[in-house]
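Architecture and fold: a report
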Amino acid sequence: MKNQDSIETVRDMVIGCMQCGTCSGSCINAFAMDLTPRHLWRLVLMGDKKAIFNSKTFALCSACYYCTLRCPQGLPLTEAMAALKRIATSENEAVYKSSAKFNQAFINNVRKNGRIQEMEFMTAYFWSSRNPVLPFQFAPMGTRLLFKRKVGFKKPPTAGSPPRLEALFRKVEELENR
Ligand code: SF4
Ligand code: SF4
């Protein structure tokens, strides 16, 4: 976590929010979020830490910068989402921890295979969560995806992580460790 990260510094980042909802309307991941980005910024302005870290909204931000580009107030929204992730990591917030394990299993799988291997990825995620109930929670969605042939048990061909992808991962690690 950067030394200056706190709910107060995130509030300073979004202090100019006028609750227009453009960020929510622009967010590519809003459909999967439990709170819209606009709602999240409202909670940040109110300093409602419990509600903020009970939400998965910031964990689902994929840093596409679309909201940042479109916010009429020019607020650094993607940076604010990243700061919330860092705070949640350093404070070991339970809801985020579960999302972070999902993200880590996803990244490890892409890094290893050069693409996502769904079954291997989900097995690694279930294993890392150490929660025996978790596979059953995902079972309905998994069954739907199997029927739609979006996932399968057969391992797709892979040539391992291409050198350019590996270079990208290393650069991100370097930037994150600064
Ligand atoms: S687009 Fe900007 S001003 Fe509008 S709700 Fe989102 S953060 Fe607030
Ligand atoms: S940067 Fe994050 S919150 Fe903003 S539009 Fe992209 S995914 Fe949504």
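These numbers were taken from a predicted model, which means no experiment stands behind them.

1. Considerations on the overall build of the protein
Across its full length, the protein holds 10 helices and 0 strands. Sequence-ordered secondary structure for the protein, helices as α and strands as β, is α-α-α-α-α-α-α-α-α-α. Considered along the principal axes of its C-alpha atoms, the protein spans approximately 50 × 35 × 30 Å. Counting across all 178 residues of the protein, residues that qualify as buried make up 18%.

2. Structural notes on the site of ligand 2
Ligand 2 sits among 15 residues. The nearest are Cys 27, Cys 61, Cys 64, Tyr 66 and Cys 67. Among the secondary structure elements, those contributing two or more residues to the shell around ligand 2 are α5 (66-70) and α6 (77-90). For the shell around ligand 2, the element with the highest residue contribution is α6, accounting for 3 residues. Partitioning the shell around ligand 2 into residue classes produces 11 nonpolar, 4 polar and no charged.

3. Quick look at the site of ligand 1
Looking at ligand 1, there are 15 residues lining it, with Cys 17, Cys 20, Thr 22, Cys 23 and Cys 71 nearest. Breaking the shell around ligand 1 down by element, the ones donating at least two residues are α2 (22-26) and α3 (37-46). Grouping the constituent residues of the shell around ligand 1 by class yields 10 nonpolar, 4 polar and 1 charged.

4. Observations regarding the domain arrangement of the protein
Considered domain by domain, the protein is made up of domain 1 (7-92) and domain 2 (95-176). Computed from C-alpha coordinates alone, the two centres of domain 1 and domain 2 are separated by 25 Å. Taken together, the contact pairs 7 residues of domain 1 with 5 residues of domain 2. Partitioned by chemical class, the residues of the side of domain 1 that touches domain 2 number 3 nonpolar, 3 polar and 1 charged.

5. Considerations on the nonpolar core
Of all hydrophobic cores here, the largest spans 23 residues; its most connected members are Ala 80 and Leu 84. Those elements that place two or more of their residues in this core are α3, α4 (49-53) and α6. Non-local contacts of Ala 80, meaning those with residues more than four positions away in its chain, are made with Val 10, Met 13 and Val 14.

6. So, unusual backbone geometry
In the Ramachandran plot, Gln 19 falls in the positive-phi region, its phi being about 60 degrees despite a non-glycine side chain. With respect to the helices and strands, the residue Gln 19 is situated in the loop between α1 (7-13) and α2. We classify Gln 19 as exposed; it has 12 C-beta atoms within 10 Å. Although it is not a glycine, Arg 130 adopts a positive phi angle of roughly 55 degrees.

So, how was this worked out
Residues numbered from 1 in each chain as written. Chains lettered and ligands numbered in written order. Predicted model: local features only at pLDDT ≥ 70, side-chain atom pairs only at ≥ 80, totals over all residues. Helix = DSSP H or I, 4+ residues; strand = E, 2+ residues; numbered from the N terminus. Buried ≥ 20, exposed ≤ 12 C-beta atoms within 10 Å, placed from the backbone. Near = placed C-beta within 6 Å. Nonpolar A, V, L, I, M, F, W, Y, C, P; charged D, E, K, R; others polar. Domains from an automatic or database assignment. Contact = placed C-beta atoms within 7 Å. Core = buried A, V, L, I, M, F, W, Y, C linked by C-beta atoms within 7 Å.

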